[in-house]
Amino acid sequence: MQTLPHGTAFTVRRNDSWQTVKHACTIKEQRIGYQTLSMGFTTKVNANVNKKMTTGRSFKFSHALCKRPAKSIVNGLRANDIGNPVYDTFVQQHDAYVTALGDAGCTVTVLDASEAFPDSVFVEDAALCLTGTAIVLRPGAASRFGEAAAIAPSLHQLFDRVVTLSGAGYIDGGDILVTDTDIFVGLSERTNKEGFDSLTKIVEPLGYKTHQLNTPESILHFKSDCGLLDSNTLFASQELAKTD
């Protein structure tokens, strides 16, 4: 657990420009070895959505989809090789995470582990869920080819509408940050322009505007260095804020 002290400067994005500010409260950051794919079972939102309908849809969820860690997670991808994770500890943390989601009011669905895909516990990389639509993504890391297709049957059980990217482009959910009205995509080794264009065609009818950025080579995922403070305010590391 890392605590940023009062007055620490960080960078936020407001109205299409980055600003360096000092936060007026304490921000706590905890990096743990799993992610969740959040799913809001809501009605389809048309392109002409109003502000009242969209406020909070980027961070208020009723359902969450998680996946059990596979024992092969010790062979998963990593930005810096600082040693293999301890499987039993990973499982304990994941169990605590699932419990926390339930305590927060979410209905949680937990899928079985997939030993063939070491990184499959990071379910948000393989699918993006927006306004009742599940989008099957295509992470560009070779070891994850086929992972999105493997999760698709579960998405069909949970969503009335499941769509797949057209073309042969790649896009990884870890490179996608969603606000109430906009979607920011950082191009990287795992996400390319063709994947971005394919996603844009799907999300624009749902009422989202997409923005293409470039992820610095030193950052594994675009979203590793940024997040949401509220519906319309992003925070980012100084390094990421310098990107186009």
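Just so it is clear, the structure is predicted and the values come from calculations on it, not from any experiment.

Lay out the state of the cysteines in plain terms, naming residues and giving numbers.
One pass over the structure, following the stated rule, counts zero disulfides. Not part of a disulfide, Cys106 finds its nearest cysteine sulfur in Cys66, a span of 8.9 Å.

Pulling in residues and values, what's your account of the sheet that holds strand S9 (residues 133-136)?
Read from one edge to the other, the open sheet built from three strands follows the order S8-S9-S10, with strand pairing classed as mixed. Looking at which strands have only one partner, the edges of the open sheet turn out to be strand S8 (127-130) and strand S10 (161-164). Sheet twist, expressed as the mean angle between neighbouring strand axes with direction ignored, is 20°. Two strands pair when backbone bridges link them, and S8 and S9 are joined in this way by four bridges, in the antiparallel orientation. When the sheet's bridge partners are listed, Leu130 is paired in S9 with Thr133. Sitting on the sheet, helix H3 (residues 147-158) touches S8, S9 and S10, and the angle it makes with S9 is about 165°.

I'd like to hear about the pattern of salt bridges, residue by residue, with values.
All told, the structure shown has five salt bridges when counted by the stated rule. Across the salt bridge formed by Arg144 and Glu147, the nearest N and O atoms sit 2.7 Å from each other. Residue Arg144 shares its accessibility class with Glu147, and that shared class is buried. Where Lys193 meets Asp197, a salt bridge forms, and the shortest distance between an N and an O atom there is 2.9 Å. In this pair, Lys193 and Asp197 are both assigned in helix H4 (residues 193-203), four residues apart and thus about one turn of the helix distant. Owing to a relative accessible area of 29%, Asp197 belongs among the partly exposed residues under this scheme. A network of salt bridges, in which partner residues are shared, links Asp125, Arg144 and Glu147.

Explain the pairing of S8 residue by residue, including any values.
The side-chain alternation of S8 yields two buried faces, one formed by Ala127 and Cys129 and the other by Leu128 and Leu130. Linking S8 back to S9 in an antiparallel pair, the connection comprises two residues, with Thr131 at a positive phi of about 45°.

Lay out helix H2 (residues 87-103) in plain terms, naming residues and giving numbers.
Two residues of an α-helix separated by three or four positions point the same way, owing to the 3.6 residues in each turn. Between its first and last C-alpha, H2 extends 24 Å over 17 residues, near the 24 Å set by a 1.5 Å rise per residue. Among the residues of H2, those classed as buried are Phe90, Val91, His94, Tyr97, Val98 and Leu101. End-on view of H2: buried residues confined to an arc of 120°, all on one side of the axis. Exposed residues lying more than 90 degrees from the buried face of H2 are Asp88, Gln92 and Asp103.

Residues and numbers for the sheet that holds strand S13 (residues 209-214), please.
Sheet strands pair by backbone hydrogen bonding; their relative direction is either parallel or antiparallel. The three strands lie next to each other as S11-S12-S13, forming an open sheet whose pairing is mixed. With partners counted over all chains shown, the strands left at the sheet margins are strand S11 (176-178) and S13, one partner each. On average, each strand axis in the sheet is inclined to that of its neighbour by 20°, with strand direction left out of account. The sheet strands contacting H4 are S11, strand S12 (182-187) and S13, and the helix crosses S13 at an angle near 165°.

Quick one: what's the story with unusual backbone geometry, residue by residue and with numbers?
Located in the positive-phi region is Thr131, a residue other than glycine, with phi close to 45°. Here Thr131 shows up in the loop between S8 and S9. Classification of Thr131 as buried rests on a relative accessible area of 10%.

Thresholds applied
- Residues numbered from 1 in each chain as written.
- Predicted model: local features only at pLDDT ≥ 70, side-chain atom pairs only at ≥ 80, totals over all residues.
- Heavy atoms only, no water.
- Disulfide = S-S within 2.5 Å.
- Pairing = 2+ DSSP bridges.
- Helix = DSSP H or I, 4+ residues; strand = E, 2+ residues; numbered from the N terminus.
- Axes fitted to C-alpha atoms, helices over the stretch in contact; angles between N-to-C directions.
- Contact = heavy atoms within 4.5 Å.
- Salt bridge = Lys/Arg side-chain N within 4 Å of Asp/Glu carboxyl O.
- Buried < 20%, exposed > 50% of the residue type's maximum accessible area, 1.4 Å probe, protein only.
- Expected span 1.5 Å × (residues − 1).
- Arc of directions from axis to C-beta.

Keep in mind that these numbers describe shape and distance, not what the molecule does.
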